[in-house]
Amino acid sequence: MVRAIVGANWGDEGKGKLTDMMSQESDIVIRFQGGANAGHTIVNHYGKFALHTLPSGVFYDHTTNIIGNGVALDVEKFFNEVKDITSKGVPMPKILISDRAQMVMPYHVLFDQYEEERLGKASFGSTKSGIAPFYSDKYAKIGFQVQELFHEDTLKVKIARVLEQKNVLLEHLYHKPAIDPDELFETLMRYKEMLEPYVCDVSAYLWKAIKEGKNVLLEGQLGSLKDPDHGIYPMVTSSSTLAAYGAIGAGLPPYEIKTIVTVVKAYSSAVGAGAFVSEIFGDEAEELRKRGGDGGEYGATTHRPRRMGWFDCVATKYGCRIQGTTDVAFTVIDVLGYLDKIPVCVGYEYEGKLLDDFPTTQVLEKCKPVLEVLDGWKTDIRGIKNYEDLPENCKKYIEFVEQHIGFPITMVSNGPSRDDIIYRESKLK
Ligand code: GDP
């Protein structure tokens, strides 16, 4: 059985916690897209960890953790992360890396920085991890797959060819030093040594594992609204954040994905530039930011303060639909316990008309939120295990959201750790 965990919003919905929880019953956990540009925060008995590239199953000894072909693999960062968790007492996890995964080159990171510098005020708010230059090169067919490291002669020829183009840009567009082909070759040989024990034909491995009835978990990064096709283009990430892409980025049949758990946060946050209709500012935003998540809403990778907003039914309904959601996990609701009144965005106003379907970017930029205000519950709900025991107004909030988004909320997360989860029957399932 294959299950996917993905986000409905702009990322940071709490997928890490859900993946960590669901990894418990998984034999295999796979990252299928993205790179070290975002992070999951996981709190468990070993401590608190920010994972960027490692699949969230690394804390269990029964799981095999896979880097799928769809990932942007930053080799140095990957092994630093392994070192980091093992130095904190986590046993060395079982890892497999797709022979078709492509590697983030040191120059991808440089190009990301140089391009954001060049754009100045018009920049994308990139985390400068090299992700956009990496995926551009992948589709321009000048990327480097892991398997290429094992064919040194052709690798050398390719390095020379690719650097011819890169060095022109470095010199004439960015006015920066050129890259030496021999140095890059040495770096790649170092990567080869690091990767060799883990390289695997992942799609063949998964085909067999699925036939044997293994439980497979696809772990998404970011959320629907950052998808390059269905998100708020161009303020998106460079690889698909949708469960459907799990089939491609891992190499398994699409019909095997039976469960799609879409993680939805009880309020909104976003990083980077782009339209954010239910955004709030000033003290109101700062209060929510400070109380948000587990220790405040600050980027797991960049530590940047996140942009904050009220829950957005329009964006979330769309985010869930485009994922093909079978179950919604509604997270971080405990954070809202301080509010007397909780505004929720139930529609968008655009040129005097009311929209309840999420529009394309140019329209979105001009939308104003239509808010409905619900009563708060003014108590700490952490530690509650049964849905019935939640305060009445908290249940009303959950049911209000479920009705507006039209997808079943079957899990409610009321705290950062594995056990802070309430299962719920939904009429929509
Ligand atoms: P991801 O990128 O979707 O995995 O999101 P993050 O890892 O950034 O998760 C957001 C933060 O919320 C992390 O610090 C989590 O530990 C924390 N978190 C997850 N679920 C809950 C919850 O239900 N309540 C609280 N208070 N924090 C949570």
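Just so it is clear, the model here is predicted, and its values are computed rather than measured.

1. Some thoughts on helix α12 (residues 392-405)
- The end-to-end C-alpha distance of α12, which contains 14 residues, comes to 20 Å, matching closely the 20 Å that a straight helix rising 1.5 Å per residue would cover.
- Where α12 is buried, its residues touch β15 (311-312), α10 (313-323), β16 (327-331), β17 (341-350), β19 (368-375) and β20 (409-413).

2. Re the site of the ligand
- What surrounds the ligand is a group of 20 residues, the closest being K15, G16, H40, T41 and S413.
- Take G16: an N or O atom from its main chain is 2.7 Å from an oxygen atom of the ligand.
- Contact between the ligand and R382: a nitrogen atom at 3.4 Å from a side-chain N or O atom of the residue.
- In isolation the ligand has 580 Å² of accessible area, and contact with the protein removes 96% of it.
- Contributing elements (two or more residues each) for the shell around the ligand: α1 (15-23) and β3 (40-44).
- For the shell around the ligand, the element with the most residues is α1, which contributes 3 residues.
- Residues of the shell around the ligand, tallied by class, amount to 3 nonpolar, 9 polar and 8 charged.

3. A look at the packing of helix α2 (residues 75-87) against helix α6 (residues 181-195)
- It is the contact of α2 with α6, at a shortest axis distance of 10 Å, that shows an interaxial angle of 40°. Between α2 and α6 lies a crossing whose hand is left-handed. Where α2 abuts α6, its residues V75, E76 and F79 lie against R190, Y191, M194 and L195.
- Partitioned by chemical class, the residues of the contact of α2 with α6 number 5 nonpolar, no polar and 2 charged.

4. Some words on the state of the cysteines
- Enumeration according to the criterion identifies 0 disulfides in this entry.
- With no disulfide partner, C320 has as its closest neighbouring cysteine sulfur the one in C313, 10 Å distant.

5. Observations concerning the domain arrangement of the protein chain
- Segmenting the protein chain into domains produces domain 1 (2-99 + 199-261), domain 2 (102-196) and domain 3 (263-423).
- Between the C-alpha centres of domain 1 and domain 3 the distance comes to 23 Å.
- Tallying the contact residues gives 44 residues for domain 1 and 42 residues for domain 3.
- Both faces considered, domain 1 and domain 3 share a buried interface measuring about 3,300 Å² in area, 55% of it formed by carbon and sulfur atoms.
- Three residues stand out in domain 1 for area buried against domain 3, namely W10, D12 and K17, and they jointly supply 21% of the buried area on that side.
- For the pair domain 1 and domain 3, the number of links is 3 salt bridges.
- D294 serves as the salt-bridge partner of K48, at 3.5 Å between the closest nitrogen and oxygen.

6. Some remarks on the pattern of salt bridges
- Under the counting rule described, the total for this entry stands at 26 salt bridges.
- A salt bridge links E25 to R3; the nearest nitrogen and oxygen atoms lie 3.2 Å apart. Residue E25 is found in the loop between α1 and β2 (28-31), and its partner R3 is found in strand β1 (residues 2-7); the two are separated by 22 residues along the sequence.
- Of the residues examined, E25 reaches a relative accessible area of 44% and is grouped as partly exposed.
- A single network of salt bridges, built from pairs that share partners, joins D12, K265, E297 and R306.

7. Topic: the packing of helix α5 (residues 152-174) against α6
- Contact geometry of α5 with α6 gives a least axis separation of 10 Å together with a crossing angle of 135°. With respect to α6, the element α5 is oriented oblique. The two elements α5 and α6 cross, and the hand of that crossing is right-handed. Contact residues: α5 offers E152, L155, K156, I159 and L163, while α6 offers P181, L184, F185, L188, M189 and K192.
- For the contact of α5 with α6, the per-class residue count stands at 8 nonpolar, no polar and 3 charged.

8. Remarks on a negative patch on the surface
- Together, D180, D182, E183 and E186 give the surface a local cluster of negative charge.
- In this structure, E183 sits in helix α6.

9. Concerning the pairing of strand β7 (residues 94-98)
- Counting buried positions over the 5 residues of β7 gives 4, a clear majority of the element.
- Here strand β5 (residues 64-67) pairs with β7 via 4 bridges, running parallel. In the strand pairing of β7, N65 is matched with I95.

10. Thoughts on the packing of aromatic side chains
- Considering all chains together, one arrives at 14 aromatic pairs under this definition.
- Lying across the ring of W207, K211 places its NZ or CZ 3.9 Å from the centre.

11. So, the sheet that holds strand β12 (residues 268-270)
- Strand order in this open sheet of 3 strands is β12-β14-β13, and the pairing throughout is antiparallel. Of all strands in the sheet, those with a lone pairing partner are β12 and β13 (279-280), marking the two edges.
- Both β13 and strand β14 (residues 307-309) contribute to a ladder of 2 bridges, which runs antiparallel. Opposite E279, over in β14, you have G309 as the bridge partner.
- Set on the sheet, helix α9 (residues 282-291) makes contact with β13 and β14; between it and β14 the angle comes to about 100°.

12. A few points about the sheet that holds β7
- With mixed pairing, the 10 strands of this open sheet are ordered in space as β9-β7-β5-β2-β10-β1-β11-β16-β20-β21. A single partner strand is all that each edge strand has here, and the edge strands are β9 (199-200) and β21 (421-423).
- Both β1 and strand β10 (residues 216-219) contribute to a ladder of 4 bridges, which runs parallel. Within β10, the residue paired with A4 across the bridge is L218.
- Sheet strands in contact with helix α7 (residues 202-211) are β1, β2, β5, β7, β9 and β10, and its direction is about 140° off that of β5.
- In the packing of helix α8 (residues 243-250) onto the sheet, the strands contacted are β1, β2, β10 and β11 (257-265), and the crossing angle to β11 comes to about 125°.

Criteria and thresholds
- Residues numbered from 1 in each chain as written.
- Predicted model: local features only at pLDDT ≥ 70, side-chain atom pairs only at ≥ 80, totals over all residues.
- Heavy atoms only, no water.
- Helix = DSSP H or I, 4+ residues; strand = E, 2+ residues; numbered from the N terminus.
- Expected span 1.5 Å × (residues − 1).
- Contact = heavy atoms within 4.5 Å.
- Near = heavy atom within 4 Å.
- Polar contact = N/O pair within 3.5 Å; in protein donor to acceptor, adjacent residues only side chain to side chain.
- Areas by Shrake-Rupley, 256 points an atom, 1.4 Å probe, with all protein chains shown as cover.
- Nonpolar A, V, L, I, M, F, W, Y, C, P; charged D, E, K, R; others polar.
- Axes fitted to C-alpha atoms, helices over the stretch in contact; angles between N-to-C directions.
- Left-handed = near helix turned anticlockwise from the far one by under 90°.
- Disulfide = S-S within 2.5 Å.
- Domains from an automatic or database assignment.
- Buried area = accessible area lost by both parts, 1.4 Å probe.
- Salt bridge = Lys/Arg side-chain N within 4 Å of Asp/Glu carboxyl O.
- Buried < 20%, exposed > 50% of the residue type's maximum accessible area, 1.4 Å probe, protein only.
- Parallel < 35°, antiparallel > 145°, perpendicular 65-115°, else oblique.
- Patch = residues over 30% accessible without salt bridge, like charges linked within 9 Å, V, L, I, M, F, W, Y side chains within 5 Å.
- Lys, Arg positive; Asp, Glu negative; His and termini not counted.
- Charge placed at Lys NZ, Arg CZ, Asp CG, Glu CD.
- Pairing = 2+ DSSP bridges.
- Phe/Tyr/Trp six-rings, centres within 6.5 Å; stacked < 30°, edge-to-face > 60°.
- Lys NZ or Arg CZ within 6 Å of the ring centre and 35° of its normal.

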